[in-house]
Amino acid sequence: MPAVKEITVSQLDTKEFIKEKVSEISRIVGSGVAINALSGGVDSSAVTMLGYMALGERLKTYFIDNGIMREGEPQQIVSAFKKLGVNVQIIDAQDEFFRALAGITDPEEKREAITQTFYKKVFGNLVKQSGAKYLLQGTILTDVDETVAGIKRQHNVFEQLGIDPQEAFGYKIIEPLVQLRKDGVRKAAEALGLPLSIYNRMPFPGPALSARVIGEATRERIALVRKATSIVEEELGSIIAFQYMAILHNDHVTGMRDNKREFGQQIEIRCWDSIDARQARPTQLPFTTLDKLAQRIVTEVPGVVSVTYNIATKPPSTMEAV
Ligand code: XMP
């Protein structure tokens, strides 16, 4: 297991870092073709720019529409990159992902199903079609730490777990951001010319909204949490926090609507203050904000009768629910 040497945000010389990573990618890929999946998060966006600077059109960038992203996300990301001169192709893989997630309730099995579908099926096929032997990926040091510590099976860490991606998936993974933490990635992303809306973008997990559905991630349950997520992001858009999210619980609870008993769904809101995602505290949101969130969610998201706000810290909680 190779040790990774951290570059802290104060040590990071973005100009040097970019120069070094661009030449490293050029050297490794040579005259070949590399492929990468862009999710629109700051990590994959920074990697896309580094890869584009190193390889130009020899980098094939795809947005995998797995059906578990937020409202309008694929189109928004693709058009943001078009403005930067980077062509991104959307791949509709919704059916594959929902088929793989069917019947799975265990958090780790869910993550595993997504990983396997992403790398073996969807990406495997794309790599075969493109002829690429290299995959650029936005793994950061926090992903490595938490995976090695066994806290979570991250979406994007292989070599640290002793899994050979060449053997398991048929390609070599290049991870240019692996020495950085989130704050360092944001600084590098800004220096790469990405817009504020991207370099300052809130983190969003690889397993996307399925990390925010406790129990089975069906199309219907994802649609429900997607709606709640839009409301939370609209209402909290102007507050200062590391990350905020809506979570759909598995248990139903008794509620009442229009004078009738309704055995309904529960949405939990989490909003975190954090520097680097290793530790986090719930943001002290004003009660009027929470009240507005609850009112909108029970009115606009069908079947929801309960809205709660998480007040536990990480640790022992994690930021995502799954
Ligand atoms: P947790 O839930 O582990 O989250 O406290 C810490 C940060 O990591 C994000 N996260 C992920 N990011 N793949 C990712 O790329 C994942 O599987 C994953 N799980 C969690 C989470 O959104 C938070 O910012």
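Residues numbered from 1 in each chain as written. Predicted model: local features only at pLDDT ≥ 70, side-chain atom pairs only at ≥ 80, totals over all residues. Heavy atoms only, no water.

Enquirer: Describe the pairing of strand β1 (residues 34–37), with residues and values.
Expert: Going residue by residue along β1, you find A34 and N36 tucked away on one face and I35 and A37 tucked away on the opposite face as well. Note that β1 and strand β2 (residues 59–65) share four bridges and pair parallel. The residue bridging A37 from the neighbouring strand is Y62, located in β2. Chirality of the crossover, the property in question, places the unit of β1, helix α2 (residues 42–55) and β2 among those that are right-handed. With three bridges connecting them, β1 and strand β4 (residues 134–136) associate as parallel partners. Counted as the bridge partner of I35 is L135 from β4. (Buried < 20%, exposed > 50% of the residue type's maximum accessible area, 1.4 Å probe, protein only. Helix = DSSP H or I, 4+ residues; strand = E, 2+ residues; numbered from the N terminus. Pairing = 2+ DSSP bridges. Right-handed = clockwise from strand over helix to strand, strands pointing away.)

Enquirer: An account of the sheet that holds strand β3 (residues 88–92) is needed here, citing residue identities and associated values.
Expert: Sheet architecture is open: five strands sit in the order β3-β2-β1-β4-β5, paired in parallel fashion. The outermost strands of the open sheet, each flanked by one partner alone, are β3 and β5 (172–174). The sheet shows a mean angle of 30 degrees between the axes of neighbouring strands, direction not considered. (Axes fitted to C-alpha atoms, helices over the stretch in contact; angles between N-to-C directions.)

Enquirer: Describe in detail the packing of helix α4 (residues 94–101) against helix α5 (residues 107–130), supporting the description with residues and values.
Expert: In contact at an axis separation of 9 Å, α4 and α5 are set at 145 degrees when each is read in the N-to-C sense. Crossing hand, α4 versus α5: right-handed. Along its contact with α4, which presents E96, F97, A100 and L101, the element α5 presents K110, A113, I114, T117, F118 and V122. (Left-handed = near helix turned anticlockwise from the far one by under 90°. Contact = heavy atoms within 4.5 Å.)

Enquirer: With reference to specific residues and values, describe the side chain of S306.
Expert: With respect to the element layout, S306 can be found in strand β10 (residues 304–309). Judged by relative accessible area, S306 falls into the buried class, the value being 16%.

Enquirer: Hey, could you go over unusual backbone geometry for me, with residue numbers and the actual values?
Expert: Between K314 and P315 the backbone carries a cis peptide bond, its omega angle lying at -15 degrees. Mapping P315 onto the fold places it in the segment after β10. The peptide bond linking P315 to P316 adopts the cis configuration, its omega dihedral lying at 5 degrees. Looking at the secondary structure, you find P316 in the segment after β10. For A208, which is not glycine, the phi torsion reads 50 degrees and is therefore positive. Within the element layout of this structure, A208 appears in the loop between α9 (196–199) and α10 (219–236). By relative accessible area, A208 is classed as buried at 0%. Despite not being glycine, N259 shows a phi value in the positive range, around 65 degrees.

Enquirer: How would you sum up the packing of aromatic side chains? Please name residues and give values.
Expert: Under the counting rule described, the total for this entry stands at three aromatic pairs. Relative to Y119, the ring of F118 lies with its centre 4.9 Å away and its plane at 70 degrees, an arrangement referred to as edge-to-face. Look at F118 and you get buried, because its relative accessible area is 12%. On the basis of relative accessible area, Y119 is assigned to the buried category, the value being 1%. Ring centres of Y119 and F123 lie 6.5 Å apart, and the angle between their planes is 55 degrees; this geometry places the pair in the tilted category. Of this pair, Y119 and F123 both sit in helix α5, four residues apart, which is roughly one turn of the helix. An aromatic cluster of at least three residues, connected via ring pairs, comprises F118, Y119 and F123. Here the basic side chain of R70 rests over the ring of F204, its NZ or CZ set 3.7 Å away from the ring centre. (Phe/Tyr/Trp six-rings, centres within 6.5 Å; stacked < 30°, edge-to-face > 60°. Lys NZ or Arg CZ within 6 Å of the ring centre and 35° of its normal.)

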